[in-house]
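# Report on the structure
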Amino acid sequence: MKRISNLVQFIIGFILGLAILAGGTAAVAYVFFAKMNANPPKPTFAEEKKKKRLQPSKRLQPPKQLPSLPLRQNPKSHQKTYRLVHTKRE
């Protein structure tokens, strides 16, 4: 009985070891190929750089003036209002 138990334990350990080794290898391969699959940045050529320099930058233009609207005066805006709450006492 002891021999059978040791044999089963060896087979289960061997299969489990192979599964862990295969899983780790698959995980490393997945990460590696995921990084290799990313698109590289778009190259900019000398002609494109010249066109960008010739175009006026939006940051250098002065901001547009917004039309000013007259403010409405509300005389009661500075006064606080309180509401009385009546509670029923029994």
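Residues numbered from 1 in each chain as written. Predicted model: local features only at pLDDT ≥ 70, side-chain atom pairs only at ≥ 80, totals over all residues. Heavy atoms only, no water.

## A word on the overall build of the protein
Secondary structure assignment for the protein yields two helices and zero strands. Counting across all 90 residues of the protein, residues that qualify as buried make up 0%. Accessible surface, the protein as shown: approximately 10700 Å² in total, 63% of it carbon and sulfur. (Helix = DSSP H or I, 4+ residues; strand = E, 2+ residues; numbered from the N terminus. Buried < 20%, exposed > 50% of the residue type's maximum accessible area, 1.4 Å probe, protein only. Areas by Shrake-Rupley, 256 points an atom, 1.4 Å probe, with all protein chains shown as cover.)

## Some thoughts on a nonpolar patch on the surface
Taken together, the side chains of Leu-7, Phe-10, Ile-11, Phe-14, Ile-15, Leu-18 and Leu-21 present a nonpolar region at the surface, about 740 Å² in accessible area. Relative to the assigned elements, Phe-10 resides in helix α1 (residues 2-36). Classification of Phe-10 by relative accessible area gives exposed; the value is 57%. (Patch = residues over 30% accessible without salt bridge, like charges linked within 9 Å, V, L, I, M, F, W, Y side chains within 5 Å. Salt bridge = Lys/Arg side-chain N within 4 Å of Asp/Glu carboxyl O.)

## A word on the packing of aromatic side chains
The final tally for this structure, using the stated rule, is two aromatic pairs. Ring plane angle 65° and centroid distance 5.4 Å describe the contact between Phe-32 and Phe-33, whose orientation is recorded as edge-to-face. What makes Phe-32 partly exposed here is its relative accessible area of 47%. We classify Phe-33 as exposed; its relative accessible area is 55%. (Phe/Tyr/Trp six-rings, centres within 6.5 Å; stacked < 30°, edge-to-face > 60°.)

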